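Listed here are the chains, written in short residue letters.
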Amino acid sequence: MKFFVDTADLDEITKLNDVGLVDGVTTNPSLIAKTGRDFVSTVKEICDLIDGPVSAEVTATDYDGMIKEGRKLAKIADNVTVKVPLTENGIKACKTLSDEGTMVNVTLCFSAAQAILAAKAGATFISPFVGRLDDLSLDGLQLIEDIVNIYGNYEFDTQVLVASVRSPLHIVESGKLGADVITAPPKAIWQMFKHPLTDKGLEDFLADWKKTGQSIL
Ligand code: G3P
């Protein structure tokens, strides 16, 4: 199970990377806007820091514009993954860019039907948004199960990248379903460490160790 971090904040990426937890990064226009920084130079810095795929999203909505932007983004670094929305033009651009050897992440996927289109277009990643479906009282994780099953039936190479993750539970359930990748905001990944029994157990071990008067070094 690969861990991508869903942020364009370099400090946050660095902190998680220092613990060895970052296999890749996903950004989107909203996350770039949050940083207040230049898009291309931010993506370049992230690509220099992280070995794995770094998703950078096109903002054109027409096919020609997506291709021009996608080619420009792909030139930033070898590990750039061009992100395109799941629209007719996005799927067409996915096919063209994938045929050129560029990694493509098809984003804003909310149905299994859409996920099939992305796989047929040769996407490297499909990004179904679980949190935004849950927000509407729909079942985001059911969509993950459906896509994993369908892709498995046909041995599609497209990797299921669970996006719009809001909690450790989304990550654990995605793992149970066999999703290839999760992309989560840093907060959700840090929350995975937390368990009160770990804190209590450590406190007790250290108190007992102190009583022995010993030191390992
Ligand atoms: O990058 C796409 C995605 O993960 C968005 O998450 O929390 O804005 O629904 P969210």
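Placed above this text is the structure.
Every value quoted in this text rests on a predicted model; they were computed, and no experiment measured them. (Residues numbered from 1 in each chain as written. Predicted model: local features only at pLDDT ≥ 70, side-chain atom pairs only at ≥ 80, totals over all residues. Heavy atoms only, no water.)

Q: So what's going on with the environment of isoleucine 67? Which residues, and what values?
A: Along the chain, isoleucine 67 turns up in helix H4 (residues 63–74). Judged by its relative accessible area of 5%, isoleucine 67 is buried. As a C-alpha pair, isoleucine 67 and leucine 86 span 19 residues in sequence and 14 Å in three-dimensional space. Setting aside chain neighbours within four positions, we find isoleucine 67 in contact with Ala93, Thr96 and Leu97. (Helix = DSSP H or I, 4+ residues; strand = E, 2+ residues; numbered from the N terminus. Buried < 20%, exposed > 50% of the residue type's maximum accessible area, 1.4 Å probe, protein only. Contact = heavy atoms within 4.5 Å.)

Q: Break down the site of the ligand for me, with residues and values.
A: Taken together, Asp6, Asn28, Lys83, Phe129, Arg132, Ala163, Ser164 and Arg166 make up the full set of residues near the ligand. Here an oxygen atom of the ligand and a side-chain polar atom of arginine 132 are 2.6 Å apart. When the ligand is considered free in solution it has 310 Å² of accessible area, and contact with the protein chains removes 82% of it. Of the residues in the shell around the ligand, the class split is two nonpolar, two polar and four charged. (Near = heavy atom within 4 Å. Polar contact = N/O pair within 3.5 Å; in protein donor to acceptor, adjacent residues only side chain to side chain. Areas by Shrake-Rupley, 256 points an atom, 1.4 Å probe, with all protein chains shown as cover. Nonpolar A, V, L, I, M, F, W, Y, C, P; charged D, E, K, R; others polar.)

Q: An account of the sheet that holds strand S1 (residues 2–6) is requested, with residue identities and associated values reported.
A: Strand order around the closed barrel formed by eight strands is S1-S2-S3-S4-S5-S6-S7-S8, with parallel pairing between neighbours. For this sheet the average axis-to-axis angle between neighbouring strands, irrespective of direction, equals 30°. Alignment of strand S7 (residues 159–162) against strand S8 (residues 181–184), held across two bridges, turns out to be parallel. Bridged to valine 162 within S8 is isoleucine 182. (Pairing = 2+ DSSP bridges. Axes fitted to C-alpha atoms, helices over the stretch in contact; angles between N-to-C directions.)

Q: Describe in detail the pattern of salt bridges, supporting the description with residues and values.
A: Inspection of the entire model under this criterion finds nine salt bridges. Between glutamate 45 and arginine 37 there is a salt bridge, with its nearest N and O atoms 2.6 Å apart. Residue glutamate 45 is classed as partly exposed on the basis of its relative accessible area of 36%. Looking at arginine 37, the relative accessible area reads 36%, which means it is partly exposed. With its nearest N and O atoms 3.0 Å apart, the salt bridge here joins lysine 95 to aspartate 99. In this pair, lysine 95 and aspartate 99 both sit in helix H5 (residues 88–99), four residues apart, roughly one turn of the helix. The exposure class assigned to lysine 95 is partly exposed, which follows from its relative accessible area of 41%. (Salt bridge = Lys/Arg side-chain N within 4 Å of Asp/Glu carboxyl O.)

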